[in-house]
Amino acid sequence: MEAERNPGMSLDLAWVNGVQINLPSVKRRAETMGTRRTVKKQWQAAWLLRAVTCIDLTTLAGDDTDANVQRLCHKAARPVRHDILSQLGMADAEIRCGAVCVYPARVKGAVKTLEKIGVDLPVAAVATGFPSGQFHLKTRLKEIKLTVADGAREIDIVINREMALNNNWQGLYDELVAMRKACGKAHMKAILAVGELGSMTRVYRASLVAMMAGADFIKTSTGKEGVNAILPVGLVMCRAIREYHQRTGVKVGFKPAGGIRQAKDALVWLSLIKEELGDAWLNNHMFRIGASGLLGDIERQLFHHVYGRYAAGSELPMA
């Protein structure tokens, strides 16, 4: 079952320009995350398995090859050792990552690998001149269409930061609508590159514009900026999603990405989603974590929960 699409709406500039963010209040709220509540023992293991199912297992390196993309696909299909899942009573739960995320040129290989091993897992691709977005619009739209034709079911696009910085919300909206159209049946995740937007108010406004244009997810970062997935930004974006849902009835997904490497970080992000958006977002149709190294630490923590010790590197060779 796939998540419902966001149909979008006409650009409401009065709504967008009326936003003002109280930064000290945002920081105070973010500082409480992960300190007031903790999950332990079997409940922590359960939350970590939920986090695994929400990971977009990612490789975005210049030296990516067919071989390491194949390896990534196999790991996404079977992310946790079978003996660990058996000990947790989850051997038959079909625990898998949310998606595999690669560059456009690697989509065909990823789709082929997943078909070969018989696993129905979406392939996501970064597009539109990732990570800078500094390409002609015609080129960016063509890249989306080629990537969808290769089998990508999710497209992570990057917004035009110049338009956001200049408060050219109409221009940004028009570009995003064109990108949404180019995606066709593929789901569109709009990367805001929050570290380059300059203020929390602009992050909130860009979030609203992306959702109005039909983005199915809004995503914090490319992972290449100086500031990526941090809790204050996540809080602001979740509040934008919540307001959009309250006004329109449409649920839009959220994806933090960049710098999330430890299991404890994943637990904090899950807590944020539960508290700010509710249980309806605690699944991989509405929440994803963009990460490459996070899965290894989660598997190590699950190994420790089951066996009472941390695994040697050779015991989790694909971590």
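Worth saying up front: this structure is predicted, and the values here are computed from it rather than measured.

1. Some thoughts on the overall build of the chain
- Counting its regular elements, the chain contains 13 helices and 8 strands.
- Relative to its length of 319 residues, the chain is compact, with a C-alpha radius of gyration of 19 Å against a globular reference of 20 Å.
- By its C-alpha atoms, the chain is 55 × 45 × 35 Å across when sized along the principal axes.
- For the chain, with 319 residues in total, the buried portion stands at 54%.
- A sequence separation of at least 24 residues applies to 79% of the contacts in the chain between residues at least 6 apart.
- Looking at the chain as shown, the accessible area adds up to about 14300 Å², and 50% of this sits on carbon and sulfur atoms.
- Charged side chains of the chain number 43 positive and 31 negative; the gap between the two group centres comes to 2 Å.

2. Some points on the side chain of Thr-147
- The topology assignment puts Thr-147 in helix H7 (residues 137-149).
- On the basis of relative accessibility, which here comes to 1%, the residue Thr-147 falls in the buried class.
- Sequence-distant contacts of Thr-147, defined by excluding residues within four places in its chain, comprise Pro-104, Val-107, Ala-125, Ala-152 and Ile-155.

3. Some remarks on the side chain of Asn-160
- Inspection of the secondary structure assignment puts Asn-160 in the loop between strand S4 (154-158) and helix H8 (161-165).
- Residue classification places Asn-160 among the buried residues on the basis of a relative accessible area of 15%.
- There is a polar contact of 3.1 Å between the side chain of Asn-160 and the backbone nitrogen of Glu-162.
- Excluding residues within four positions of it along the chain, Asn-160 makes contact with Arg-140, Leu-172 and Glu-175.

4. Overview of the packing of helix H3 (residues 41-53) against helix H13 (residues 294-307)
- Axis separation between H3 and H13 bottoms out at 10 Å; the angle between their running directions is 155°. Put simply, H3 runs roughly antiparallel to H13. By crossing handedness, the relation of H3 to H13 is classed as left-handed. In contact with Lys-41, Gln-42, Ala-45, Leu-48, Leu-49, Ala-51 and Val-52 of H3, H13 contributes Leu-295, Ile-298, Gln-301, Leu-302 and His-305.

5. Here's the deal with the pattern of salt bridges
- A complete count under the given rule lists 24 salt bridges for this structure.
- A salt bridge links Asp-216 to Arg-5; its shortest N-O distance comes to 3.1 Å. Taken together, the residues Asp-216 in the loop between helix H10 (200-212) and strand S6 (217-219) and Arg-5 in the segment before helix H1 (13-17) connect sequence positions 211 residues apart.
- For Arg-140, the salt bridge goes to Glu-175, with nearest N and O atoms at 3.0 Å. Remark: Glu-175 occurs in helix H9 (residues 169-183) and Arg-140 occurs in helix H7; sequence separation between them is 35 residues.
- The class for Arg-140 is buried, based on a relative accessible area of 4%.
- You can call Glu-175 buried: its relative accessible area is 8%.
- One continuous salt-bridge network, built from bridges that share partners, spans Asp-56, Glu-154, Asp-156, Lys-189, Lys-219, Lys-255 and Arg-288.

6. A closer look at the state of the cysteines
- Counted by the stated rule, this structure contains 0 disulfides.
- Cys-73 supplies the cysteine sulfur nearest to Cys-101, a cysteine that is in no disulfide, at a spacing of 11 Å.
- Summary of cysteine pairing: Cys-183 is not part of a disulfide, and the nearest cysteine sulfur, belonging to Cys-101, is at 13 Å.

7. Quick look at unusual backbone geometry
- Along the chain, Phe-130 connects to Pro-131 via a cis peptide bond; the corresponding omega equals 0°.
- If you trace the backbone, Pro-131 turns up in the loop between strand S3 (123-126) and H7.
- Not every positive phi belongs to a glycine, and Glu-94 is a case in point at roughly 55°.
- Summarising the element assignment, Glu-94 is placed in the loop between helix H5 (82-87) and strand S2 (99-102).
- Judged by its relative accessible area of 58%, Glu-94 falls in the exposed class.
- Located in the positive-phi region is Ala-193, a residue other than glycine, with phi close to 50°.
- Positionally, Ala-193 belongs in the loop between strand S5 (187-191) and H10.

8. Brief notes about the packing of aromatic side chains
- With the rule as written, the count across this model stands at 5 aromatic pairs.
- Geometrically, the ring pair formed by Trp-15 and Tyr-244 is stacked, given 6.2 Å between the ring centres and 15° between the ring planes. In this pair, Trp-15 sits in helix H1 while Tyr-244 sits in helix H11 (residues 231-248), placing the two residues 229 residues apart along the sequence. Neither Trp-15 nor Tyr-244 differs from the other in exposure class; each is buried.
- With a centroid separation of 4.8 Å and 50° between ring planes, the pair formed by Phe-303 and Tyr-307 is classed as tilted. With Phe-303 and Tyr-307 both in helix H13 and 4 residues apart, the pair spans about one turn of that helix.
- The exposure class assigned to Tyr-307 is partly exposed, which follows from its relative accessible area of 37%.
- Taken together, Phe-254, Trp-269 and Phe-287 form an aromatic cluster joined through their ring pairs.
- Seen from the ring of Trp-15, Arg-247 lies directly overhead, with NZ or CZ sitting 4.1 Å from the centre.

What counts and what doesn't
- Residues numbered from 1 in each chain as written.
- Predicted model: local features only at pLDDT ≥ 70, side-chain atom pairs only at ≥ 80, totals over all residues.
- Heavy atoms only, no water.
- Helix = DSSP H or I, 4+ residues; strand = E, 2+ residues; numbered from the N terminus.
- Rg over C-alpha atoms; globule rule 2.2 N^0.38 Å.
- Buried < 20%, exposed > 50% of the residue type's maximum accessible area, 1.4 Å probe, protein only.
- Contact = heavy atoms within 4.5 Å.
- Areas by Shrake-Rupley, 256 points an atom, 1.4 Å probe, with all protein chains shown as cover.
- Lys, Arg positive; Asp, Glu negative; His and termini not counted.
- Charge placed at Lys NZ, Arg CZ, Asp CG, Glu CD.
- Polar contact = N/O pair within 3.5 Å; in protein donor to acceptor, adjacent residues only side chain to side chain.
- Axes fitted to C-alpha atoms, helices over the stretch in contact; angles between N-to-C directions.
- Parallel < 35°, antiparallel > 145°, perpendicular 65-115°, else oblique.
- Left-handed = near helix turned anticlockwise from the far one by under 90°.
- Salt bridge = Lys/Arg side-chain N within 4 Å of Asp/Glu carboxyl O.
- Disulfide = S-S within 2.5 Å.
- Phe/Tyr/Trp six-rings, centres within 6.5 Å; stacked < 30°, edge-to-face > 60°.
- Lys NZ or Arg CZ within 6 Å of the ring centre and 35° of its normal.

Geometry only, nothing functional implied.
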